[in-house]
Amino acid sequence: MRKTVIPFGPQHPVLPEPIHLKLTVEDERIIEAIPNLGYVHRGLERLADIRDFHQMIQVVERVCGICSVIHALCYCQGIEEIMGVEVPPRARYLRVMWSELHRIQSHLLWLGLFADSFGFESLFMQFWRVREKIMDISEATTGNRVIVSVNVIGGVRRNPDPEQIRWVLAQIDWVEAELQRLEDTMLEDYTVKKRTVGKGVLTRQQAYELGAVGPVLRGSGVAQDARQTGYAAYGELHFEPVVETDGDCYARNKVRFRETLASIDLIRRAIHRLPDGEVRTKIKGIKPPQGETVNRVEQPRGELLYYLKGSGQKTLDRVRIRTPTFANIPPLLVMLPGHFLSDVPVVTLSIDPCISCTER
Amino acid sequence: MFRMTPNIVRNLVVRKSTRMYPVEVREPFAQVRGELFNDIERCIFCGTCEVKCPSQCIQVDKKACIWTCDPFACVFCGVCVDTCPAKSLYQKTKYRSPTGERIIISQQGQPRKKDKAKDRAGESGTPKGSGEEKADPGGDPAT
Amino acid sequence: MREEIMAVSAEALVGEVAKLKVLGYRLVTLSCTELDASNLDILYHFDKDLGLKHLRLTAPKAAAVPSISPVYFAALLVENEIQDFFGLRFEGLVVDYRGTLYLEEEALKTPYCRFSLRSADQREGPAAALDAETNHPNAEKF
Ligand code: SF4
Ligand code: SF4
């Protein structure tokens, strides 16, 4: 059988982001996949040379459009650790609230796109309709829809009043009710199962050795979630990771769906325990960061790692960002061989690729 | 396949979730950070906003008292508003509407000195807080 | 840093990494930082049960570093990335893009190096080092 090389991406109907895979196919089956990156590389890490460490917050938020809060959170936690700044308890709980809101909106976006990848257009629209409500909550509580600029070194910038908090709770109830209505379709429907069960299987062993993170790792049965380390206020909220054991596209789908519901729960818990008080520690008079640190948080797509190094100057020496999709690409290369060409969109989307993150 | 049917039937009877956008616009939320304005009469031309802005879209000419902003480079982060010592910057809740031409907002203020009164008399030709001036001919400020 | 850092040499690197793999560590990533004009600092981050462990390697820019991608396949992307951005050579990569993962073939620069490591045909001397510091490719855009 002759081999053919087929380029998949960077422009493809199901992929919103420019990843390019060189697929070697034999008949209809894939035997090798080689990624090609660099279409949206922006060199944001190097911006640390000319932007001071406060301005870098706005820069790192733009690494990824979908999870800006969590990028900024990781960066701020790192700097706070180097500088020895204590964050007020209310700010820690609010950070959890906004992080989880972002996780919900990112997962809903993904669930919609995933439905679209196997051609279930109406389900796609349903998920995005629900997502709109989360965007509204973001806009009302933080001031912007996606890139919300709410984290600062030493706390958060907004302090929602009790009325706003009540409104958020009401909106979240609506979101939960709507999601429960879609649960049956997304998890039990014949067409969904036909396209996802048994596709892109990653065993527990493989997932761990290939360095998979987030829902890809948890879909393969490894209960690992950076939120278990208890950063921000997660340590006080009795957080439990969501785990599935099958390791296929369906398991990853299920992990993300259940995580969305779990996030709603976490927001409720965080709000019920929300302490009163300050939301921002003044950091005037503390020297600029000197030293190095590694900080990890859990993004919707998986574990995010920041390595920060400062030498007491206004600008940092090094900001190194390891985004979750970057870690999930090697597992993808292992998942793809053996599948039909028509399954490539589904399997590729099942890792929730965010290429802007990957290339920074 | 039939699991989606209840949702579809429901969608036929409930209210539409989309708006006829340009005709019908939702009221913005109260705390939204939208378009940036400078109340030039209160500005003391300290230059804090120029230093703090992460997208470096503001220039302050301290001598000539000119505050310039490239509104298309602004990312609506609100850092300048937070740090302005004279509280002269503020953001409306509406976003800037798209335009076909690039504009630069340039506002001429008056120096805040002890001899303010004298200065004011000398510069009576300049309208106070003259608003947005066009940087390139033909550009219409998008307000 | 809160966690333990262990210094390794280039010769002992692959052995240490293989040992960690047997102990059940997951490779998180590599972080590369430029120390001075001729040295790079590479941190290998590993994770086990939510605890981190780091290996630190100080590598001269000119010499090649043994690749750990035969041990951990996951290292292939990040090693190629460092090859692009810092111009460091990794020996024995499973898929070697030869510095073209992000960059184009024509671009012979090492964009993340502050100190002069641009190829000699572009600029020379201490002025080049200074220029590279102020005029790195990202500065122009902003
Ligand atoms: S920070 Fe405020 S007072 Fe100072 S120059 Fe800017 S607008 Fe004027
Ligand atoms: S809102 Fe942000 S980006 Fe816009 S001018 Fe102010 S500081 Fe700059």
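Let me sum up the structure you'll find in this document.

Cut-offs used in this document
- Residues numbered from 1 in each chain as written.
- Chains lettered and ligands numbered in written order.
- Predicted model: local features only at pLDDT ≥ 70, side-chain atom pairs only at ≥ 80, totals over all residues.
- Heavy atoms only, no water.
- Helix = DSSP H or I, 4+ residues; strand = E, 2+ residues; numbered from the N terminus.
- Rg over C-alpha atoms; globule rule 2.2 N^0.38 Å.
- Buried < 20%, exposed > 50% of the residue type's maximum accessible area, 1.4 Å probe, protein only.
- Contact = heavy atoms within 4.5 Å.
- Areas by Shrake-Rupley, 256 points an atom, 1.4 Å probe, with all protein chains shown as cover.
- Lys, Arg positive; Asp, Glu negative; His and termini not counted.
- Charge placed at Lys NZ, Arg CZ, Asp CG, Glu CD.
- Near = heavy atom within 4 Å.
- Nonpolar A, V, L, I, M, F, W, Y, C, P; charged D, E, K, R; others polar.
- Salt bridge = Lys/Arg side-chain N within 4 Å of Asp/Glu carboxyl O.
- Polar contact = N/O pair within 3.5 Å; in protein donor to acceptor, adjacent residues only side chain to side chain.
- Pairing = 2+ DSSP bridges.
- Axes fitted to C-alpha atoms, helices over the stretch in contact; angles between N-to-C directions.
- Parallel < 35°, antiparallel > 145°, perpendicular 65-115°, else oblique.
- Left-handed = near helix turned anticlockwise from the far one by under 90°.
- Core = buried A, V, L, I, M, F, W, Y, C linked by side-chain atoms within 4.5 Å.

## A short note on the overall build of chain A
- When helices and strands are tallied, chain A shows twelve helices and eight strands.
- In terms of C-alpha radius of gyration, chain A reaches 20 Å, essentially the compact-globule figure of 21 Å for 360 residues.
- Each principal axis of the C-alpha atoms in chain A carries an extent, and together these give about 70 × 45 × 35 Å.
- The burial tally for chain A puts 68% of its 360 residues in the buried class.
- For chain A, contacts bridging at least 24 residues in sequence account for 71% of all contacts bridging at least 6.
- On chain A, roughly 11,800 Å² of surface is accessible, and the fraction owed to carbon and sulfur atoms is 51%.
- Side-chain charges of chain A comprise 46 positive and 45 negative groups, with the mean position of each set lying 4 Å from the other.

## Points about the site of ligand 2
- Close to ligand 2 lie 13 residues; Cys53, Cys74, Cys77, Gly78 and Cys80 of chain B are nearest.
- Among the residues making up the shell around ligand 2, the classes are represented as ten nonpolar, three polar and no charged.

## Focus on the interface of chain A and chain C
- Of the residues lining the interface, 47 residues belong to chain A; the matching set on chain C comes to 47 residues.
- At the boundary of chain A with chain C, the tally comes to five salt bridges.
- When the shortest N-O distance is used, the salt bridge between Arg56 of chain C and Glu292 of chain A registers 3.0 Å.
- At the boundary of chain A with chain C, the tally comes to eleven residue pairs in polar contact (both at pLDDT 80 or more).
- Elements with a contribution of two residues or more to the side of chain A that touches chain C: strand S3 (29-36), helix H7 (204-209), strand S6 (290-299), strand S7 (302-311), strand S8 (318-322), helix H10 (324-335) and helix H12 (355-359) of chain A.
- Of the residues that constitute the side of chain A that touches chain C, the class distribution is 18 nonpolar, eleven polar and 18 charged.

## A closer look at the pattern of salt bridges
- For the coordinates displayed, the defined rule picks out 41 salt bridges over all chains.
- Between Glu244 of chain A and Arg258 of chain A there is a salt bridge, with the nearest N and O atoms lying 2.5 Å from each other. Of this pair, Glu244 of chain A sits in the loop between helix H8 (215-219) and helix H9 (249-272) while Arg258 of chain A sits in helix H9, and the two are 14 residues apart along the sequence.
- Taking relative accessible area as the criterion, Glu244 of chain A reaches 13% and is therefore assigned buried.
- A relative accessible area of 33% places Arg258 of chain A in the partly exposed class.
- The partner of Arg102 of chain B in a salt bridge is Asp70 of chain B, and the shortest N-O contact between them spans 2.5 Å. Pair noted here: Arg102 of chain B is in the loop between strand S4 (89-91) and strand S5 (105-108) and Asp70 of chain B is in the loop between strand S3 (66-69) and helix H3 (79-83), with a separation of 32 residues, a long-range link.
- On the basis of relative accessible area, Asp70 of chain B is assigned to the buried category, the value being 14%.
- Salt bridges sharing partners connect three or more residues here, namely Glu100, Arg103, Arg218, Asp225, Arg227, Glu259 and Glu298 of chain A.

## Focus on the sheet that holds S5 of chain B
Residue and element names in this part refer to chain B.
- Ordered by their spatial adjacency, three strands build an open sheet running S2-S3-S5, and the pairing between neighbours is antiparallel. This sheet does not close on itself; its edge strands, each paired only once, are strand S2 (58-61) and S5. Between one strand and the next, the sheet's axes are offset by a mean angle of 10°, whatever the strand orientation.
- The pairing of S3 with S5 spans four bridges and is antiparallel.

## Here we look at the packing of helix H5 (residues 162-188) of chain A against H9 of chain A
Residue and element names in this part refer to chain A.
- For the pair H5 and H9, the least separation of the axes is 11 Å and the interaxial angle reads 160°. Viewed along their axes, H5 and H9 adopt a mutual orientation that is roughly antiparallel. Note that H5 runs across H9; the crossing there is left-handed.
- Across the contact of H5 with H9, the residue classes break down as 15 nonpolar, three polar and six charged.

## Some words on the environment of Gln83 of chain C
Residues and elements named next belong to chain C.
- Take Gln83: it is sitting in helix H2 (residues 75-86).
- Between the C-alpha atoms of Gln83 and Leu43, which are 40 residues apart in sequence, the distance is 15 Å.
- At a separation of 3.2 Å, a polar atom in the side chain of Gln83 contacts the main-chain amide nitrogen of Phe90.

## Section: the packing of helix H3 (residues 89-117) of chain A against H9 of chain A
Residue and element names in this part refer to chain A.
- Close contact between H3 and H9 brings their axes to 9 Å; oriented N to C, the two are set at 150°. Relative to H9, the element H3 is oriented roughly antiparallel. Seen from above, H3 lies across H9 with left-handed handedness. In this structure, H3 uses Tyr93, Val96, Met97, Glu100, Leu101, Arg103, Ile104, His107, Leu108, Trp110, Leu111 and Phe114 to contact H9, whose residues at the interface are Cys249, Asn253, Arg256, Phe257, Glu259, Thr260, Ser263, Ile264, Leu266, Ile267, Ala270 and Ile271.
- Of the residues in the contact of H3 with H9, the class split is 16 nonpolar, four polar and four charged.

## Describing the side chain of Gln224 of chain A
- Mapped onto the elements, Gln224 of chain A comes out in the loop between H8 and H9.
- Look past the residues within four positions of Gln224 of chain A in its chain and what remains in contact with it is Tyr208, Leu217 and Arg218 of chain A together with Arg26, Asp47 and Leu50 of chain C.

## Things to note about the sheet that holds strand S2 (residues 20-26) of chain A
All names here are of chain A.
- Reading across from one edge, S1-S2-S3 is the order of the three strands in this open sheet, with antiparallel pairing throughout. Edge positions in the open sheet fall to strand S1 (3-8) and S3, since each of these has one partner strand only. Taken pair by pair, the neighbouring strands of this sheet meet at an average axis angle of 25°, ignoring direction.
- Bridging between S1 and S2 involves six bridges; their strand directions are antiparallel. By the bridge assignment for S2, Phe8 is matched with Leu21.

## Describing the nonpolar core
- Core analysis: the largest hydrophobic core is formed by 153 residues, its most contacted members being Tyr75 of chain A together with Tyr44 of chain C.
- Of the residues forming this core, the biggest block, 15 residues, is contributed by H3 of chain A.
- Residues contacting Tyr75 of chain A, with those up to four places away along its chain left out, are Phe53, Met56, Ile57, Val60, Tyr306, Leu308 and Leu316 of chain A.

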